[in-house]
Amino acid sequence: MVGLKEELLKSIWHAFTALDLDRSGKVLSHNLCTVLNVPHDPVALEEHFRDDDEGPVSNQGYMPYLNKFILEKVQGNFDKVEFNRMCWTLCAKKNLSKSPLLISDEDAFKVWVIFNFLSEDKYPLIIVPEEIEYLLKKITEAMGAGWQQEQFDHYKTALNTSREGLSAWQLIDLIGSGQFSKGMDRQTVSMAINEVFNELILDVLKQGYMLKKGHKRKNWMERWFVLKPNIISYYVSEDLKEKKGDIILDGNCCVEALPDRDGKKCLFLIKCLDKTFEISASDKKKKQEWIQAIQTTVNLLRAGNPPPHKEARQKRKELRQKLLAEQEELERQMKELQVANENKQKELEAVRKQLEAAAARAAEEEKKRLQTQVELQDRFSLELEKEKMVRQKMEEQVAQKSSELEQYLQRVRELEEMYKQLQEALEDEKQARQDEETVRKLQARLLEEESAKRAELEKWHLQQQQTIQMTEAEKQELENQRIIKEQALQVAMQQLKQLELERKEALEQYEEVKKKLETAANNTKSWKDKVAHHEGLIRLIEPGSKNPHLITNWGPAAFTEAELEERQKSWKGKKATSE
């Protein structure tokens, strides 16, 4: 019931969005109850659509009423084609293109119903390029033409750049434009659309004329057989007006080929629990096709699987979801790698800036060190010059003192000479002793002055040695700082090389993920080709063209123009009554 509800909602959504709810909501609800065989609830209908602000229209919308009073009461005993035609009538006039199309309104209606079957389960409804390709392939195969894959790839590329898929009306315009059915007349295209409609919507797996042996009279009568997932119905003719019976299929049924007998060829037997049916095909190929189609249907019933086209649609949807999940995961990984790469780039840039700043600081410090060294050298040169001048002055003073000393010694000699001369005289002895004492004291004073000068020279020499030692210590400290900074620069260069290696590894991971993405895309295309090839191998429907016929709302039929006019009058009368 959940799948049936989803199918109904798609058609109702088209009708609902095409109407003005305030004026036509009652008409839509009334028509839905009529075609879905749901009892009318006039009280709930009037309560929902009353015009005051407290009604459900203003605060709950139309969906609660639709689910509670209509969809939950649907039992499945209604004509799906009639239901879709009612919704089509409400929305086609507003949305169908006014430009001339190569298909009739009836064909456009069938394309619209097929769109609802193949579209995604999200609103607004669209059909994705993969389902468009599947539908166009089915129509092309039904027309007996070759599929132009390159042409569709160009169309798909242009479609993907503008939007995710097509709406129902855009799909009708695409098929009605004849872009993928060039060289085919309107009747061929119409028959192909009808064949695809019978398969996908009416679940017709195979149909055609065959002979059936009666159970009572044992005579052979030509009947039009229609194979569906759980039943084979047979009619007097392909107009499906007069139904003669049904063959109920289940997992206990079997089909067997029979040898030719009683003048009948291409015989086969369908065994059910209560009855056995003998049928004669027109030729061996038809016989084998019918046996294979019936046996496939029975196998599906035994396995509890849906019809092939529904199972294929579900597999395509699951494959799209899986590929979408893989693509999203790859995109997430790509984003993570991109973010990691950007972070690495930022880190490298930060390290580069730090290295540049460190190099700039080192250059500035080296410049300052050299400038300081030059200044110290200049200062030391000046001090050495000053010291040299002082030493020269001291040497001059020493030379002067030496000259004075020579003069003093000469005087002493003279005094000694005088002392010798005075020694002879007793009267001058005392005076000579006093002079000698005076000379002794003068000598002591000179010696003290000489000691003071020597101490002063030693003090200057010591200061000079200390100054030289301080200069050597500062020079050694600057040299140590330079060595430490050079070591820090080498460590930073090693970190830069390590970060460069990590960036290369991140780029290699990025290339690897990119290759995985390309591989996933190639696998996706390969799976699509396999699915399309598989579906092409099990296509069971053959156009049953026996006599010229007209098209009615219920499918192909054979009737006169007078009967057509009578049906049109009956339909217009029903439509006027419903309005």
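Residues numbered from 1 in each chain as written. Predicted model: local features only at pLDDT ≥ 70, side-chain atom pairs only at ≥ 80, totals over all residues. Heavy atoms only, no water.

A. The arrangement of the overall build of the chain in detail. Counting its regular elements, the chain contains 15 helices and nine strands. Counting only residues that meet the buried cut, the chain has 34% of its 579 residues in that class. In the structure as shown, the chain presents an accessible area of about 37,000 Å², 52% of it carried by carbon and sulfur atoms. (Helix = DSSP H or I, 4+ residues; strand = E, 2+ residues; numbered from the N terminus. Buried < 20%, exposed > 50% of the residue type's maximum accessible area, 1.4 Å probe, protein only. Areas by Shrake-Rupley, 256 points an atom, 1.4 Å probe, with all protein chains shown as cover.)

B. Quick look at the sheet that holds strand β6 (residues 267-271). Taken together, the seven strands give an open sheet; going across it, the order is β4-β3-β2-β1-β7-β6-β5, and neighbouring strands pair in antiparallel fashion. The open sheet has two edge strands, β4 (243-248) and β5 (254-258), and neither has a second partner. Geometrically, the sheet is characterised by an average inter-axis angle of 35 degrees between neighbouring strands, direction not taken into account. Of the strand pairs in this sheet, strand β2 (residues 220-228) and strand β3 (residues 231-235) are connected by five bridges, and their pairing is antiparallel. Considered in β3, the bridge of L227 is made with I232. (Pairing = 2+ DSSP bridges. Axes fitted to C-alpha atoms, helices over the stretch in contact; angles between N-to-C directions.)

C. A look at empty space enclosed by the protein. Scanning the model with the defined rule gives four cavities of 30 Å³ or more in all. Each pocket or cavity is described by its volume, and for the second largest cavity that value is around 220 Å³. Together, 14 residues line the second largest cavity, and E7, K80, N84, V113 and I201 are the ones closest to its centre. For the lining of the second largest cavity, the elements supplying multiple residues, two or more each, are α1 (2-18), α6 (80-95) and α7 (105-118). A total of four residues in the lining of the second largest cavity trace back to one element, the largest contributor, which is α1. In terms of residue class, the lining of the second largest cavity is built from seven nonpolar, three polar and four charged. Taken domain by domain, the lining of the second largest cavity gets at least three of its residues from each of domain 1 (1-95) and domain 2 (97-203). (1 Å grid on protein atoms, 1.4 Å probe; cavity = no way out; pocket = protein on both sides within 12 Å on 5 of 7 lines; lining within 4 Å. Points joined across faces, edges and corners; volume = space filled by probe spheres on them. Nonpolar A, V, L, I, M, F, W, Y, C, P; charged D, E, K, R; others polar. Domains from an automatic or database assignment.)

D. Focus on the confidence of the model for the chain. Averaged over all residues, the pLDDT of the chain is 82; the fraction at 70 or higher stands at 88%. For residues 52-60, every residue scores under 50 in pLDDT, and the model assigns this stretch eight contacts once sequence neighbours within four places are set aside. Scored below 50 in pLDDT, residues 536-542 shows 19 contacts in the model against residues more than four places distant or in partner chains. (pLDDT = per-residue confidence, 0-100. Contact = heavy atoms within 4.5 Å.)

E. Focus on the nonpolar core. L8, L32, L36, F83, W88, W112 and I172 are the most contacted members of the largest nonpolar core, which totals 64 residues. Broken down by element, the residue count for this core peaks at nine residues, all from α7. Residue contributions to this core reach at least three from each of two domains, namely domain 1 (1-95) and domain 2 (97-203). For L8, the residues in contact, after removing those within four places along its chain, are L36, L71, V74, F78 and F83. (Core = buried A, V, L, I, M, F, W, Y, C linked by side-chain atoms within 4.5 Å.)

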